[in-house]
Amino acid sequence: MKQIAVLGHGVVGSGIMEVLEKNRVQVEEKAGCGVEVRYVLDRRAFPGLPYSDRFVTDFSVILEDPEVEVVAEAMGGLEPAFTYARESLSRGKSFVTSNKELVAAKGDVLLALAREKGVRFLFEASVGGGIPVIEPIHRSLGPNRIQQVAGILNGTTNFILTKMLREGTSFQDALELAQRLGYAERDPSADVEGHDACRKICILAALAFGRHFYPEDVPTRGITGVTARDAAYAARWGGSIKLIGRARRGSGGRVALEVSPMLVPGSSLLSGVGDVYNAVQVTGDMTGDVLFYGRGAGKLPTAAAVVGDIAAALREPGNDCSLFWGPADPAMLLPPEEAPSQGYFRVSGLDREELELFFPGAFFLESLEEGEEALITPPATQGELDAAARAAEAAGGRILSRFPLL
Ligand code: HSE
């Protein structure tokens, strides 16, 4: 019997206990041993559970117990999660986590520490909830030179957009429902403002391109600017509007990163992905396009991904050195204005002929409102589109919406 500890007994932490209890046979078969949760760390008490006697409030109890081999963290937030991760790895305990904030901020440091100590730092649940994406990108797609990773990476906002735009639910009602279902972050502005998706694309970019990328360096927009009118234009065009995280290999080996609502063509497999589902599309030079699809948030899907890592760390405690990336290199980031882009604009105050002067070669969608035009530009750089938008505004146009195309 091997001993583990679980940090946090919220949505995911209690889900870990449930998965371990309900699917003990499957988990132990994968782990190659019996698995026992010796400690659950939480500030709160949880009386009446079959494992209420295992709760502790002091992390040092876990750290000082030499029999605890794996620490599974589901508290969220950077601290104290980072301190607990560093201390666990330093003491030769593997650390597995669903915490994307932790991995996006400190992944390079913790991977280096795990490598030094010969233990595992695993984080499958940090991106895509229940979808296996870290391991297949790292291992199965390893021989590829990755060109692009793009995806719907936040279940809460995809759920909200689906409810708002397909069913006419208000933003507030859709958000409250997402919270009740356990999809949203403790502070849901991390979902709505795009920060959660940003952390996840940074993790995927690090896997794909071998360097750490910091979320604060990534242009990030959330869903608050998405209107029903834009969704209607997208639908008429045969597509949809989705919050997308995208990392692309650009000129000089540099990487263009962004998070934004994007106009997704109907021909893209991402266009029809609704509700809490996430999808990650990876384009490799050998394999071509691969799509990962599944439940991107929620108690049991996310917990199952954590438990998969627990089993892997128990079966093979030695460090899997190939799961690794180096520290950030600012020269690897393509400046946003140089990033290739194609834009959707909704503009009032100028007619088609006038707009064609600023957006030559644009494709105009059938107008849905007197006095406004919606157009899609040909490929350009983001800097060129910024300049065109400024010129149109200087001539009396008003940019009502602007989103990149996927
Ligand atoms: N709040 C996150 C989401 C949870 O909605 O995707 C899963 O990371």
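Above this text sits the structure in question.
Quantities reported herein were computed from a predicted structural model and do not represent experimental measurements. (Residues numbered from 1 in each chain as written. Predicted model: local features only at pLDDT ≥ 70, side-chain atom pairs only at ≥ 80, totals over all residues. Heavy atoms only, no water.)

A. View of the site of the ligand. Around the ligand, the structure places K100, N154, G155, T156, Y183, A184, E185, D191, D196, K200, G296 and A297. Contacts to the ligand include E185, whose side-chain N or O atom sits 2.6 Å from a nitrogen atom. Considered on its own, the ligand offers 260 Å² of accessible surface; in the complex 93% of this is hidden by protein. Counting only elements with at least two residues in the shell around the ligand, the list comes to α7 (155-167) and α10 (195-209). Residue composition of the shell around the ligand, grouped by class: three nonpolar, four polar and five charged. (Near = heavy atom within 4 Å. Polar contact = N/O pair within 3.5 Å; in protein donor to acceptor, adjacent residues only side chain to side chain. Areas by Shrake-Rupley, 256 points an atom, 1.4 Å probe, with all protein chains shown as cover. Helix = DSSP H or I, 4+ residues; strand = E, 2+ residues; numbered from the N terminus. Nonpolar A, V, L, I, M, F, W, Y, C, P; charged D, E, K, R; others polar.)

B. A look at the sheet that holds strand β11 (residues 288-295). Sheet architecture is open: five strands sit in the order β9-β8-β7-β10-β11, paired in antiparallel fashion. The open sheet has two edge strands, β9 (255-264) and β11, and neither has a second partner. Strand-to-strand twist across the sheet, computed as the mean angle between neighbouring axes with direction ignored, equals 15°. Relative to β11, strand β10 (residues 277-284) runs antiparallel, the two sharing eight bridges. Looking at the pairing, N278 lines up with G294 of β11. (Pairing = 2+ DSSP bridges. Axes fitted to C-alpha atoms, helices over the stretch in contact; angles between N-to-C directions.)

C. Structural context of the pairing of β10. Across the eight residues that make up β10, a large majority, six, are buried. Bridge analysis of strand β7 (residues 146-152) against β10 gives six bridges, and the strand direction is antiparallel. Within β10, the residue paired with I152 across the bridge is A279. The turn joining β10 and β11, which pair antiparallel and follow one another in sequence, is formed by three residues. (Buried < 20%, exposed > 50% of the residue type's maximum accessible area, 1.4 Å probe, protein only.)

D. Geometry of the side chain of T302. One can find T302 in helix α12 (residues 299-315). Setting aside anything within four residues of it in sequence, one finds T302 in contact with V12, S98, A125, G129, G130 and A297. (Contact = heavy atoms within 4.5 Å.)

E. Here's a closer look at the state of the cysteines. Per the stated rule, a full pass over the model turns up zero disulfides. For C202, which is in no disulfide, the shortest distance to another cysteine sulfur is to C198 and amounts to 4.3 Å. Owing to a relative accessible area of 1%, C202 belongs among the buried residues under this scheme. (Disulfide = S-S within 2.5 Å.)

F. Region of the structure containing the packing of aromatic side chains. Applying the stated rule across the entire model yields 10 aromatic pairs. Through successive ring pairs, a cluster of aromatic residues spans F95, F121, F123 and W325. Sitting above the plane of the F82 ring, K106 keeps its charged end 4.9 Å from the centroid. Across from the ring centre of F324, 3.5 Å away, lies the NZ or CZ of R115, which sits over that ring. (Phe/Tyr/Trp six-rings, centres within 6.5 Å; stacked < 30°, edge-to-face > 60°. Lys NZ or Arg CZ within 6 Å of the ring centre and 35° of its normal.)

G. A look at the pattern of salt bridges. Under the defined criterion, the tally for this structure stands at 26 salt bridges. With its nearest N and O atoms 4.0 Å apart, the salt bridge here joins R199 to E101. Linking R199 in helix α10 with E101 in helix α5 (residues 100-117), this pair joins segments that are 98 residues apart in sequence. Here R402 ties to D386 by a salt bridge, and the two come within 2.9 Å at their closest N and O atoms. Note that R402 is positioned in strand β17 (residues 398-404) and D386 in helix α14 (residues 382-394), a separation of 16 residues in sequence. The class for R402 is partly exposed, based on a relative accessible area of 23%. (Salt bridge = Lys/Arg side-chain N within 4 Å of Asp/Glu carboxyl O.)

H. Just the packing of α5 against α10, in detail. The geometry of α5 relative to α10 is characterised by a closest axis approach of 9 Å and an angle of 50° between their N-to-C directions. With respect to each other, α5 and α10 are oriented oblique. As for how α5 packs across α10, the hand of that crossing is left-handed. Of α10, the residues touching α5 (which contributes K100, E101, V103 and A104) are D196, R199, K200 and I203. Partitioned by chemical class, the residues of the contact of α5 with α10 number three nonpolar, no polar and five charged. (Parallel < 35°, antiparallel > 145°, perpendicular 65-115°, else oblique. Left-handed = near helix turned anticlockwise from the far one by under 90°.)

I. Structural view of helix α11 (residues 228-236). Taken together, the buried positions of α11 are occupied by D230, A231, Y233 and A234. All buried residues of α11 fall inside an arc of 160° around its axis, so they share one side. Exposed side chains of α11 directed beyond 90 degrees from the buried face belong to A228 and R236. Following α11 by one or two positions, G238 adopts a phi angle in the positive range, close to 95°. (Arc of directions from axis to C-beta.)

Interpretation in functional terms is not warranted from these geometric data alone.
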